[in-house]
Amino acid sequence: MSETLLVEIGNTAWKVARYRAGLPIEFLHKGYGIDGLLEFLTEQPMQHVALASVGTEEHIATIQAHLNAQHKVLHIARSTTGFGIQHCYQQLETLGVDRWLTLLVAKASKQAAIIIDAGTAITLDVLTANGEHKGGWIAPGMRLMQESLVQRSTRLKVTEQVPNEILGTATERAIFLGCRASLRGFVNEALSAAYGALGVQNSSDSKLPTNAAADSTASAIAVWCTGGDSEYLQVEELSNAEMRPHLVLEGLALWYQQKEAT
């Protein structure tokens, strides 16, 4: 069976998966740094590589040259029109390819979707059941928020250890807890705005619709959380929410499948 390697390069990490037509993608590995990715690519037998990158064009060119030397074929996904999506962006090239690929998954699901991607940045995107992109939000992610607070200090550093307390009893723990609260606040406000854009009225608690009719409408809307910092979002407490850790790679597989069919 023919196999293709799917590669997603984010602002911080890269992830790879195996694509085989007609089968779910198979996640393979996550890593950091372009050198590590090139080493991994060298070890893979697949002759075709599909790439989605929000990194620099220099990195894409380096990967292209590396694969050319191995006589392998690189397919680069870019945000574009079509695929049944009605975009609200006038300059579609400014919509990150990672966000665009998650919209492809939402369109393929044939249901309205709210997508929250918590990575280097945390993003919100809203798509109606008929493929209308309502837009979204972008804000700093967990690490960026912490870095913005500690970068001018020689005594403080970013911590990734989750404090076992509600209120921080040291500055670094207080920064972590405050930034996590900001992240969760983003999610609550994002859900309220997204449900409103999709015609569902919510109560002051944005996780709860106001009545049974609204609850029925909301239950038909997919709420997907993805990204490396999703662990901080309390997904289990969000109404109708589902973790989709490899959503961008899923979208890359859909793009590649349609590309090969044309």
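Computed from a predicted structure; not experimentally measured.

Draft legend 1. Inspection of the packing of aromatic side chains at higher detail. Under the definition given, this model contains five aromatic pairs. Seen from their ring centres, W137 and F186 are 5.7 Å apart, and the 75° between their planes marks the pair as edge-to-face. On the criterion of sequence distance, the pair formed by W137 in strand 8 (residues 133–140) and F186 in helix 5 (residues 171–197) is long-range, its members being 49 residues apart. Residue W137 is classed as partly exposed on the basis of its relative accessible area, which comes to 33%. Between the aromatic rings of F176 and Y232, the centroid separation amounts to 5.6 Å while the plane-to-plane angle is 85°, which identifies the pairing as edge-to-face. Here F176, found in helix 5, pairs with Y232, found in the loop between strand 9 (222–226) and strand 10 (241–243); they are 56 residues apart in sequence, far enough to count as distant. Neither residue differs from the other here; F176 and Y232 are each classed as buried. The ring of W224 carries R244 above its face, with NZ or CZ at 4.5 Å from the centroid.

Draft legend 2. View of the packing of helix 1 (residues 34–43) against helix 2 (residues 57–69). Relative orientation of the contacting elements helix 1 and helix 2 amounts to 25°, with a least axis distance of 11 Å. When the axes of helix 1 and helix 2 are compared, the pair comes out roughly parallel. Helix 1 and helix 2 meet at a crossing whose hand is right-handed. Every residue of helix 2 that contacts helix 1 at I34, L37, L38, L41 and T42 is listed here: H59, T62, I63, H66 and L67. Among the residues making up the contact of helix 1 with helix 2, the classes are represented as six nonpolar, four polar and no charged.

Conventions and cut-offs
- Residues numbered from 1 in each chain as written.
- Predicted model: local features only at pLDDT ≥ 70, side-chain atom pairs only at ≥ 80, totals over all residues.
- Heavy atoms only, no water.
- Phe/Tyr/Trp six-rings, centres within 6.5 Å; stacked < 30°, edge-to-face > 60°.
- Helix = DSSP H or I, 4+ residues; strand = E, 2+ residues; numbered from the N terminus.
- Buried < 20%, exposed > 50% of the residue type's maximum accessible area, 1.4 Å probe, protein only.
- Lys NZ or Arg CZ within 6 Å of the ring centre and 35° of its normal.
- Axes fitted to C-alpha atoms, helices over the stretch in contact; angles between N-to-C directions.
- Parallel < 35°, antiparallel > 145°, perpendicular 65-115°, else oblique.
- Left-handed = near helix turned anticlockwise from the far one by under 90°.
- Contact = heavy atoms within 4.5 Å.
- Nonpolar A, V, L, I, M, F, W, Y, C, P; charged D, E, K, R; others polar.

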